[in-house]
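# A closer look at the structure
One-letter residues, chain by chain:
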Amino acid sequence: MKMKQQQRRPFNSYLRGFAIIWVLFLCCGDDKLVGSVSLDLNQQREGDGDNNAPPLQNASSEPLVQSGSETAMPSADAIRQRFFLFRLFRRRKIGRTRERKTTRKRDQVRDCTAAFTMKMNEKLEEARRLLLDRMAAVSFNLINYEHDAAMNNNSIFFESDGDDDDITPQSDLSLPNRSIYVVTTAALPWRTGTAVNPLLRAAYLSRRAKSINNAESSTSLSASEATHPDKSIRGANSTDSKAKPIKQYVTIVIPWLELEEDRLELYGPNHTFANSHEQEAYIRDWLKNDASLPDEADPIHGLRILFYPARYHSGLKSIFAMGDICAVLRNQTTGGDLSNAVCILEEPEHLNWYRAPGEGWTKVFDYVVGIVHTNYIEYASTQFHGLWTAPAIQVMSSAMIRAYCHKVIKLSGVLPTYAPEKEAIENVHGVRAEFIREGLRRASLSSVHPDTIPLDEQAGDQIYYIGKILWAKGFDLMLELEEFYHECTGVYFQVDIIGGGPDLDDVKRAFHGRRNSNNTQPVQKTESDEVLLREFIAKKLQTIKPSSIEFDIPKSFHELRRKAIPANFLGPVDHATLGKKYKIFVNPSISEVLCTATFEALAMGKFAIIPVHESNKFFLKFANCLGR
């Protein structure tokens, strides 16, 4: 519209100038101009053949201006022309005046809007700074409160002037009769890193603690035998030791989802536990059969499992505690004294975001270690509200970690800095023995055939991904990789996507397209089936009301593809069962801290294709890891 106005402006200016000159000539009474007009009218009448009409007089024979004070009246045509040109000029002038007023009002509205926006931005910035200042003040008070409580503790650790990395009686986990509590934010059958890794950590700590205490008991027994050689006394001591109940030194503390809809959404319809005892039985069965830890799965001699009430937040895709976890542990512990125990907080920031009022972890336990698993700041920054939520999450996480942890372990350097004086970057995760045995099997095959690495026939060159199905896991990068491979070769490479998650339907449509999302494997239909299908569709269309039609908005442009990518979605399975089936593992995620699935694939001797990123720095040193 603006271009059209700019193109019309030269013509309009010429027209206005011509009109002004014409009006001036008419107003001045130019004889030649009026004479020429009357001559043209006489010629027109002669041409029309009207001989009876009186000819108009020429301006030379009858001048318009007479002698004396009398002035001749202009003709009707001249008045009509003057009036027409005056109206035209007046209309143009009124139009320009209105346009100026409209432009002025528009500029005033624009200025007012800009000023209002600027004021709102200033107020929002001021409110954001005020919020951060208040959060920093709360963090400072919490740090001082917990630091004072730690200083009042009658322990040697806080009175020593040595290095913070030195082993102290409080941080030494190899001491006998030491209770260890591992608190995490997820539990099986949700196969996520914060559910599997803490459970395996607690199981191996239980095995280690049992061996330490058995060695200590045997040492004390031999000392008693040397002191009391009498058999009767030795028999009495042995009888007392047998009568003494066996202590479970390591406890895993996991959430129990109180609402049935939360368990159905997170665990699926196949694992709807009626109570926490059923879920505990499922976890012990997994430890015994899948993890090959039968001794640790024993409910009497092995690992102790406790639950705390929690609920699942579908928007944040996280589980949060409903109550004070420390109070739950005290109530379920004999005597309620945990002053000599060590607590390992898996995701300490997550556990304390919505912590109920009560005593802090450092007041209840003698030593608290926090292991940071997830980069929540990276997750928040990918959302539309990440501009203000990411800094807030960082400040809150730093406050929680400083207040409730004596030592902080970050799994990789991709995590931000929370407490520099307490932090250490270390990979404290591991893999199960099944993955290492599969890697040894492939290594033995490669030693027999050094030129090639023979695999099972079912392995071939198949590619797979296993993990939680979320857009934050890098599926957009995998789709770009598919498109690049299609440009180079003309076809898409086939991939099996294993796992579940809240974005499963959206990711499936992005790979298959909206047309092919429901029919990933076409089935041969007969003519009778097509007829029945048409009848069924016709009946359905008759029952549909126009108001009940809902439009499914595409979540990404990949859903509009016409040619489907050959991707198979197989659901969640245990990674250990895929040892002999695949050869190449692809993980395009750059939001991970230390991906457990990549660790397991490398342990099995498979090729892992991962991005060159700070979170994958630990894996890039392996020969079968391919960085891109």
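See the structure above.
Below you will find a few notes about this structure. (Residues numbered from 1 in each chain as written. Predicted model: local features only at pLDDT ≥ 70, side-chain atom pairs only at ≥ 80, totals over all residues. Heavy atoms only, no water.)

With that settled, consider the pattern of salt bridges. This structure, assessed with the given rule, holds 17 salt bridges. Across the pair arginine 432 and glutamate 434 runs a salt bridge, and its minimum N-O distance is 3.6 Å. In this pair, the class of arginine 432 matches that of glutamate 434, namely buried. Bridged by salt links that share partners, the residues Arg432, Glu434, Arg437 and Asp574 form one connected network. (Salt bridge = Lys/Arg side-chain N within 4 Å of Asp/Glu carboxyl O. Buried < 20%, exposed > 50% of the residue type's maximum accessible area, 1.4 Å probe, protein only.)

With that out of the way, let us pick up the sheet that holds strand E6 (residues 367–372). What the 8 strands build is an open sheet, ordered E4-E3-E2-E1-E5-E6-E7-E8; its pairing is mixed. Because the sheet does not close on itself, it has two edges, and the strands there are strand E4 (318–321) and strand E8 (423–425). For this sheet the average axis-to-axis angle between neighbouring strands, irrespective of direction, equals 30°. Of the strand pairs in this sheet, strand E3 (residues 304–313) and E4 are connected by 4 bridges, and their pairing is antiparallel. Its bridge partner being in E4, arginine 311 is matched across the sheet by phenylalanine 320. Sheet contacts for helix H6 (residues 260–267): strand E2 (250–257), E3 and E4; angle to E2, the most-contacted strand, approximately 105°. Its contacts with the sheet put helix H7 (residues 276–290) on E2 and E3, and the angle it makes with E3 is roughly 115°. (Pairing = 2+ DSSP bridges. Helix = DSSP H or I, 4+ residues; strand = E, 2+ residues; numbered from the N terminus. Axes fitted to C-alpha atoms, helices over the stretch in contact; angles between N-to-C directions. Contact = heavy atoms within 4.5 Å.)

With that settled, consider the nonpolar core. Leu287, Ile325, Leu329, Trp361, Phe365 and Tyr464 are the most contacted members of the largest nonpolar core, which has 91 residues in total. Here this core takes 8 residues from helix H4 (residues 193–227), the largest share from any one element. Here leucine 329 is in contact with Tyr181, Val253, Leu306, Leu338, Trp361 and Phe365, once residues within four sequence places are set aside. Residues Leu479, Val507, Ala510 and Val586 belong to the second largest nonpolar core, which totals 18 residues. (Core = buried A, V, L, I, M, F, W, Y, C linked by side-chain atoms within 4.5 Å.)

All right, on to the sheet that holds strand E10 (residues 495–498) then. Strand order in the open sheet made by the 6 strands is E11-E10-E9-E12-E13-E14, with parallel pairing throughout. Edge positions in the open sheet fall to strand E11 (567–569) and strand E14 (625–627), since each of these has one partner strand only. Between one strand and the next, the sheet's axes are offset by a mean angle of 25°, whatever the strand orientation. With 3 bridges connecting them, E10 and E11 associate as parallel partners. Within E11, the position partnered with aspartate 496 by the bridge is asparagine 568.

Let's shift gears to H7. Between its first and last C-alpha atoms H7 spans 20 Å; for 15 residues at 1.5 Å apiece the expected length is 21 Å, and the two agree. Within H7, the full set of buried residues consists of Gln279, Glu280, Tyr282, Ile283, Arg284, Trp286 and Leu287. Of the residues that open H7, the one with a side-chain oxygen 3.2 Å from the backbone nitrogen of histidine 277 is asparagine 275. The first or second residue beyond H7 is serine 292, which carries a positive phi of 55°. (Expected span 1.5 Å × (residues − 1). Polar contact = N/O pair within 3.5 Å; in protein donor to acceptor, adjacent residues only side chain to side chain.)

Right, let's talk about unusual backbone geometry for a bit. Residue proline 189 is reached from leucine 188 by a cis peptide bond, and omega for that bond is 10°. Its location among the elements puts proline 189 in the loop between strand E1 (180–183) and H4. Even without a glycine there, the phi angle at asparagine 177 is positive, about 55°. Located in the positive-phi region is serine 292, a residue other than glycine, with phi close to 55°. For serine 292, the location among the structural elements is in the loop between H7 and helix H8 (294–297). Overall, the relative accessible area of 35% leaves serine 292 in the partly exposed class.

This part takes up the packing of aromatic side chains. By the definition in use, this model includes 17 aromatic pairs. Ring geometry for phenylalanine 511 versus phenylalanine 569: centroids 6.0 Å apart, planes at 75°, classification edge-to-face. In this pair, phenylalanine 511 is assigned in helix H16 (residues 504–516) and phenylalanine 569 in strand E11, connecting sequence segments 58 residues apart. Of the two residues examined, phenylalanine 511 and phenylalanine 569, each falls in the buried class. Linked through ring pairs, Phe599, Phe618, Phe619 and Phe622 together constitute an aromatic cluster. (Phe/Tyr/Trp six-rings, centres within 6.5 Å; stacked < 30°, edge-to-face > 60°.)

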